[in-house]
Amino acid sequence: MFQNNPLLSQLKQQIRDSKPVVEGVVRGSDKAFGFLETEKKSYFIPPAAMKKVMHGDKIKARIETIGDKEQAEPEELLEPMLTRFIAKVRFNKDKKLQVLVDHPQINQPIGANKAKAVTEDLQEGDWVVAELKTHPLRDDRFLFAQITQFICQKDDEFAPWWVTLARHQQSRYPVQGQESYTMLDQQTREDLTALHFVTIDSESTQDMDDALYIETLEENGQAVGWKLVVAIADPTAYIDENSLIEQEAKQRCFTNYLPGFNIPMLPRELSDELCSLMENEVRPALVCTIEIDQQGNIRNKPVFQSANVQSKAKLAYNKVSDYLEQQENAWQPEDPATKNQIDLLHQFTLARIQWRKTHSLLFKEKPDYSFKLAENGKVAEIVAEYRRIANQIVEESMILANICAAQYLNETAQCGIFNTHSGFDQKNLAAAQQFLLSQLANEENEAELKDRYSSENLATLEGYCRMRHDIEPIEGDYLELRLRRYLTFAEFKADLAPHFGLGLQGYATWTSPIRKYSDMINHRLIKASLTTQQYHRPADDVLQRLQEARRQNRLIERDIADWLYCRYLADKVENNLQFEAEIQDVMRGGLRVLLLENGASMFIPASTIHNNKEEMQVNPDEIALYIKGEKAYKIGDKIQVQLTEVKEETRSIIGQVLV
């Protein structure tokens, strides 16, 4: 008798309308239930309701009160967690095709079919790209996806590379080249082939984009400094701005340097052959000549020119470093001219390091972690590599050349692609000041430091550099890691602006045009100014793409590394390996640490640190963990940890603190 009763339906609707509606993000659990996280509180989502949603979905939900407990009933999908995603192939008991999302908190299988473009015979565990086609809250249907791309088979040893590149929509293949290349530049080139240029790179490097020549500057028979000539490979001499190569470089923006190999921004016949400054080969180059005094100061305006150069020696970082560090049985330069170049470059570098230490900022010495791979892609070892003197020779030469390019572009073209960094985020200046005072001030100097570290001073390049010099002698990484949370991100800009991270008034890279699209643009601007040709200001969409590509490349490098670390450490869990580690983050759930031996990131669950979570508190200002009111761990602390578990499916390395 109550069927189709309009009064009853109206009453039900009124009751439903009276229930509060909230917006939030679904958080799954390892059980069938989940939670809806809103700005103010968290609501329970029962198992039946969780079948309508997925971890990460942004939804609207009505809040039901059952007894004294509130729970969320999903009602409207605002933004799905999944659109395009990476997955593994699965077949259910009825042999129907499904996909398992590659995400640590999404474990329900999703029904799927193949797009026509996918011709591979899919097997259980194969890696694919899929797109979500239907969603219960949007289409009144179950979750369903379509496989749009085959990535690799499940047992492919290079799955970490191929899957990660597919996730970030980056190609695994080099750029398609042309059948032949002709010199497009018509400007006159100076013949500098008589100069004894040398290249210094890793022994395996093929894409050599910089060569150096140096000589002593003398006045009245006395040495007063050096003349450094920096020659940079000139790929834009062969690349038409309307070519497919140009468009591909504009999209890729950078060469991807991955463990074991690289994926070049330009075709290999350009990057590794025609443009590479190979030993004894004449190559077109853009050249900058810089005069430096013995204190490392730039004496005169730098001179840019198009030229032909010839590298006289291909040198290797480790061999040059062994020679300069006077290692036992060290490699020796093969001829007096090369020896003279190395010795003068060494003197110049020491002067420039001292100049930057005084007038700008030096990088804090941290190792690079290098994966050494076997032929099958397995990690044979992980090596911590520190910058040695030969690396510093090239680094100081390139930094100086990029400083000169920034000045030149600003004065001649009034635009360019400048690498900028504005220091502390404006909204964090007051907090940064308070933190510095809390760490450094005492009764005697508090008034002085309040002025020294005022928001106004910290917002200037001079004030920021002064602060960094103040904290440099302080032992440990706590101040460095804590202040990093207040910083803004580096940006590409078309106008000159300071780079606080380097402590410089301006910085524009042009020294890696084989590897960076921004450097190709700066080459074109410099060459146009040399010939008074017309040029265009870098467009905003180019700057935005550079920013996004840089972020993508860093994520790709990190994601592949996390996967390789898991593979490397997985069979070592049973050995109860112990490591020295540095705390990188402190959270309610535990500690995130860096293993100093190999660079792996390890998570230490809070439950393994102390057995009573009510006695543990995280201080977000200090980024520190307190136990029973006492500070136990803070960011930057060095601790001993033990490896306890590796989960390759979620790329997680788990450990515990050794007390």
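Residues numbered from 1 in each chain as written. Predicted model: local features only at pLDDT ≥ 70, side-chain atom pairs only at ≥ 80, totals over all residues. Heavy atoms only, no water.

- An unreviewed UniProt entry lists the protein chain under the name Exoribonuclease 2, with Avibacterium volantium as the source organism.
- Word for word, the UniProt comment on the protein chain under Subcellular location (unreviewed entry) is "Cytoplasm".
- Per UniProt, the protein chain carries the Function (unreviewed entry) text "Involved in mRNA degradation. Hydrolyzes single-stranded polyribonucleotides processively in the 3' to 5' direction." (UniProt positions renumbered as here; feature names shortened; annotations may be inferred.)

Things to note about the domain arrangement of the protein chain
Thinking step 1. Domain assignment breaks the protein chain into domain 1 (14–79), domain 2 (84–156), domain 3 (190–404 + 510–534 + 553–560), domain 4 (422–488) and domain 5 (572–657).
Thinking step 2. Taken over C-alpha atoms, the centre of domain 2 sits 50 Å from the centre of domain 4. (Domains from an automatic or database assignment.)

Examining the side chain of Arg252
Thinking step 1. Positionally, Arg252 belongs in helix 5 (residues 244–252).
Thinking step 2. There is a polar contact of 2.9 Å between the side chain of Arg252 and the backbone oxygen of Tyr173. (Helix = DSSP H or I, 4+ residues; strand = E, 2+ residues; numbered from the N terminus. Polar contact = N/O pair within 3.5 Å; in protein donor to acceptor, adjacent residues only side chain to side chain.)

What to know about the sheet that holds strand 27 (residues 624–627)
Thinking step 1. The sheet built from three strands is open, its strands ordered 26-27-28 with antiparallel pairing. Strand pairing shows two members of the sheet lacking a second neighbour, strand 26 (616–619) and strand 28 (630–634), which therefore form its edges. With strand direction ignored, the average angle separating the axes of adjacent strands in the sheet is 30°. (Pairing = 2+ DSSP bridges. Axes fitted to C-alpha atoms, helices over the stretch in contact; angles between N-to-C directions.)

With respect to helix 10 (residues 429–440)
Thinking step 1. Along its 12 residues, helix 10 runs 16 Å from first to last C-alpha, staying within 8% of the 16 Å computed at 1.5 Å per residue.
Thinking step 2. Among the residues making up helix 10, those that are buried are Leu429, Ala432, Gln433, Phe435, Leu436 and Leu437.
Thinking step 3. Buried residues in helix 10 make contact with helix 11 (446–452), helix 12 (455–458), helix 13 (461–471) and helix 14 (478–484). (Expected span 1.5 Å × (residues − 1). Buried < 20%, exposed > 50% of the residue type's maximum accessible area, 1.4 Å probe, protein only. Contact = heavy atoms within 4.5 Å.)

Describing the environment of Leu258
Thinking step 1. Residue position: Leu258 is located in strand 15 (residues 256–258).
Thinking step 2. Expressed as a C-alpha distance, the spacing of Leu258 and Asn553, which sit 295 residues apart in the sequence, is 9.4 Å.

Thoughts on the pattern of salt bridges
Thinking step 1. Inspection of the entire model under this criterion finds 51 salt bridges.
Thinking step 2. Here Lys19 and Glu64 are joined by a salt bridge, their closest N and O atoms 2.6 Å apart. One end of the pair, Lys19, is in the loop between helix 1 (6–18) and strand 1 (21–28); the other, Glu64, is in strand 4 (residues 58–66), with 45 residues separating them in the sequence.
Thinking step 3. Using a relative accessible area of 23% as the deciding quantity, one classes Lys19 as partly exposed.
Thinking step 4. For Glu64, a relative accessible area of 21% corresponds to the partly exposed category.
Thinking step 5. A salt bridge links Lys52 to Glu73, with the nearest nitrogen and oxygen atoms 2.8 Å apart. Residue Lys52 is found in the loop between helix 2 (47–50) and strand 4, and its partner Glu73 is found in strand 5 (residues 69–79); the two are separated by 21 residues along the sequence.
Thinking step 6. Overall, the relative accessible area of 33% leaves Lys52 in the partly exposed class. (Salt bridge = Lys/Arg side-chain N within 4 Å of Asp/Glu carboxyl O.)

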